[in-house]
Amino acid sequence: MRFLQPNSFPRLLAVGYAMVALPLIFALINNAVAINQFANRSQRAVQQAVQSTQSSRRLAELLNSLERNARQMAILGDRSLLDAYETNRKLFLQTAGAFSALPFDAEQRIALNDIIDSEAAIYAMLRGATFDEAVLKKSAAEFMRLDGKAQGIIERGDRLIDREIEVMGETADRAQTITFWQMLALVPVALLLAAGFTVLIARPIRQIDAAIRRMGGGDFSVPVGVSGPRDLQLLGRRIEWLRHRLNELEQQKNRFLRQVSHELKTPLTALREGSELLSEEALGKLTPEQQEVAGILRASSMELQRLIEDLLSYGAAEFHRSALHFSPVAVRRVVARVMDDQSLALRARALRIIPQVDEITLEADPEKLRIMLDNLLSNAVKFSPENNTINIVAQSDGVHMTLDVADAGPGIPPAERERVFDPFYRGRTVAGGPLRGSGIGLSVVRDYAQAHGGTVEVVDEPKRPGARLRVTLPLRQGAVA
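Residues numbered from 1 in each chain as written. Predicted model: local features only at pLDDT ≥ 70, side-chain atom pairs only at ≥ 80, totals over all residues. Heavy atoms only, no water.

Draft legend 1. Just the nonpolar core, in detail. Counting residues in each nonpolar core, the largest one holds 41 residues, and the members touching the most others are V331, L362, M372, I390, M401, V471 and L473. Setting aside residues up to four positions removed in sequence, L473 forms contacts with L362, L369, M372, V399, H400, M401, A449, H452 and G454. Core analysis: the second largest hydrophobic core is formed by 24 residues, Y85, A96, A111 and A150 among them. (Core = buried A, V, L, I, M, F, W, Y, C linked by side-chain atoms within 4.5 Å. Buried < 20%, exposed > 50% of the residue type's maximum accessible area, 1.4 Å probe, protein only. Contact = heavy atoms within 4.5 Å.)

Draft legend 2. Just a nonpolar patch on the surface, in detail. The grouping of L24, M183, V187 and L191 at the surface amounts to a nonpolar patch, some 310 Å² of accessible area in total. Residue placement: M183 occurs in helix α4 (residues 133-216). (Patch = residues over 30% accessible without salt bridge, like charges linked within 9 Å, V, L, I, M, F, W, Y side chains within 5 Å. Areas by Shrake-Rupley, 256 points an atom, 1.4 Å probe, with all protein chains shown as cover. Salt bridge = Lys/Arg side-chain N within 4 Å of Asp/Glu carboxyl O. Helix = DSSP H or I, 4+ residues; strand = E, 2+ residues; numbered from the N terminus.)

Draft legend 3. Quick peek at helix α7 (residues 331-341). Along α7, the positions that sit buried rather than exposed are V331, V334, V335 and V338. All buried residues of α7 fall inside an arc of 100 degrees around its axis, so they share one side. Summarising the geometry of α7, the exposed residues directed more than 90 degrees from the buried face are R333 and D340. Of the surrounding secondary structure, the elements contacted by the buried residues of α7 are β1 (327-330), β2 (352-357), β3 (361-364), α9 (366-383), β4 (389-396) and β5 (400-406). (Arc of directions from axis to C-beta.)

Draft legend 4. Region of interest: the packing of α9 against helix α10 (residues 441-451). Following both chains from N to C, one finds α9 and α10 inclined at 150 degrees, their axes separated by 9 Å at the closest point. α10 is crossed by α9, and the crossing has left-handed handedness. Here K368, I371, M372, N375, L376 and N379 of α9 come into contact with α10, specifically with G441, L442, V444, V445, Y448 and A449. Across the contact of α9 with α10, the residue classes tally to eight nonpolar, three polar and one charged. (Axes fitted to C-alpha atoms, helices over the stretch in contact; angles between N-to-C directions. Left-handed = near helix turned anticlockwise from the far one by under 90°. Nonpolar A, V, L, I, M, F, W, Y, C, P; charged D, E, K, R; others polar.)

Draft legend 5. Inspection of helix α3 (residues 106-126) at higher detail. An ideal rise of 1.5 Å per residue puts 30 Å on 21 residues; α3 measures up with 30 Å between its terminal C-alpha atoms. If you check which residues of α3 are buried, you get Q108, A111, L112, I115, S118, E119, I122, Y123 and L126. Considered in projection along α3, the buried side chains sweep an arc of 145 degrees and stay on one side of the axis. Pointing more than 90 degrees away from the buried face of α3 are the exposed residues A106, I110 and D117. (Expected span 1.5 Å × (residues − 1).)

Draft legend 6. Quick peek at the environment of G453. Looking at where G453 falls in the secondary structure, it is placed in the loop between α10 and β6 (455-459). Residue classification places G453 among the exposed positions, given a relative accessible area of 57%. A C-alpha to C-alpha distance of 9.8 Å links G453 and R476, two positions 23 residues apart in sequence.

Draft legend 7. Structural view of the side chain of N88. With respect to the helices, strands and loops of the structure, N88 is situated in helix α2 (residues 82-100). Residue classification places N88 among the buried positions, given a relative accessible area of 18%. Excluding its chain neighbours within four sequence positions, the residues that come into contact with N88 are L62, S65, L66 and N69.

Draft legend 8. Structural detail: the packing of α7 against α9. In contact at an axis separation of 10 Å, α7 and α9 are set at 50 degrees when each is read in the N-to-C sense. Comparing the axis directions of α7 and α9 gives the class oblique. For the element pair α7 and α9, the recorded crossing hand is right-handed. Residues V334, V335, R337, V338, M339 and D341 of α7 form the contact with α9, whose own contacting residues are E367, L369, R370, L373, D374 and L377. Here the contact of α7 with α9 is composed, by residue class, of seven nonpolar, no polar and five charged. (Parallel < 35°, antiparallel > 145°, perpendicular 65-115°, else oblique.)

Draft legend 9. Inspection of the pattern of salt bridges at higher detail. Within this structure, the stated rule accounts for 10 salt bridges. When the shortest N-O distance is used, the salt bridge between R332 and E359 registers 2.9 Å. Placement of R332 in helix α7 and of E359 in the loop between β2 and β3 is noted, with a sequence separation of 27 residues between them. The residue R370 makes a salt bridge to D341 at a minimum N-O spacing of 3.9 Å. Within this pair, whereas R370 is found in helix α9, its partner D341 is found in helix α7, the two being separated by 29 residues in sequence. R370 sits in the buried class, given a relative accessible area of 16%. Residue class for D341 comes out partly exposed when judged on its relative accessible area of 44%. Overlapping salt bridges, with partners in common, bring together D341, E367 and R370 in one network.

Draft legend 10. Structural view of the sheet that holds strand β7 (residues 468-474). If you walk across this open sheet you meet the five strands as β2-β4-β5-β7-β6, and the pairing is mixed. Of all the strands in the sheet, just β2 and β6 have a single pairing partner and so form its edges. Pairwise comparison of adjacent strand axes, ignoring direction, gives a mean angle of 15 degrees for this sheet. Pairing of β4 with β5 involves six bridges; the strand directions are antiparallel. Counterpart to S396 in the pairing with β5 is M401. Here α7 sits on the sheet and contacts β2, β4 and β5; the angle it forms with β2, its principal contact strand, is near 175 degrees. Set on the sheet, α10 makes contact with β6 and β7; between it and β7 the angle comes to about 20 degrees. (Pairing = 2+ DSSP bridges.)

Now the structure itself:
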């Protein structure tokens, strides 16, 4: 069990490769053994067939030589020819002995023993004192019978060779069938083992990836736990330590923003109230120069108050960025609400909204979606010339929703498009409103869009003036990787 839970990731990979390769190695070894056995058997069969054929044919040739020697003795009446017969007989007995050592069936062995015994009887007659025509005829007839026996041994050997070839063919077919079924059984086993080890290897990787994605999205609330080899568990503990540190830094930053903003509001309130009193001449009549200074103080205090409020809003957005509550949201309803919230600002600048919103329902945080659209529309109102139009377009392709807000203002220079969504960045283009923006609204849009798994970008429209900002969000959370 400990072997299947290695201490290191490389060892886990090695074990996985070994377990996947083991069935295939077994199949290769088994096939190699079967092929080797088949080759050895075929080699032995060929050797025996060659030896059997050579010995049987040599035996038949020597029987013919012995028959010739016997006939010559009878015809010539020369018993000195018996020496030639005995010479051939020695070769015959040697060949018969070598032939009898070969593995052959009982029928061949009986025939061979009959040939040896009959030839011994003929030899006894030839060595006898009387050697007449009757003995010759009898020996000739016996040799003819022995020749038939020898031919029978040859034919029997040929049939046995054919049978051995047939058996080897059947063995080869059987080995091929066994190999096929082995591969058919072992390939799924190897695939299952590969899938199992893939899951085993991928699980800690997915856990690490999910933890990094959560932390990248600003969610530091979920503890990081990684199961698997010891080195990946150690990496998980390092990421968990990093999560704690980032969470602490995030909380310190939010506390700092809230405390600084809160501390600034008290003197700012006094400054604004004082400037209001001066502007209203509650403390006495002001000269035109004093009235101008009081107006500058009043405008500056209002801008500072707006900056502090935006700073608080941004701190709250950062603090709650990960606290998303998803539910089905009707986009038309959100657009209608934001248009109603911005009605006074629109009326003050004589602006008109042209909504082109499809019937779209997406899975999102309703309040965060409202804030994104509100910030985009506020930005468009700020930069739009008076007596002009703002376009709001919402469309869906079945997977994503695109929400465009386009104004007729000066637009965003290409050099500033990469930084326009950074916190506190304010471009060189001057807004049309009485106060300059804080550079926080679009950064909140980007943060909320990314928290939803979406994006925000500046879209080029060379044929019309102004800026078009587009938010792209998935219709279903988790549907798009």
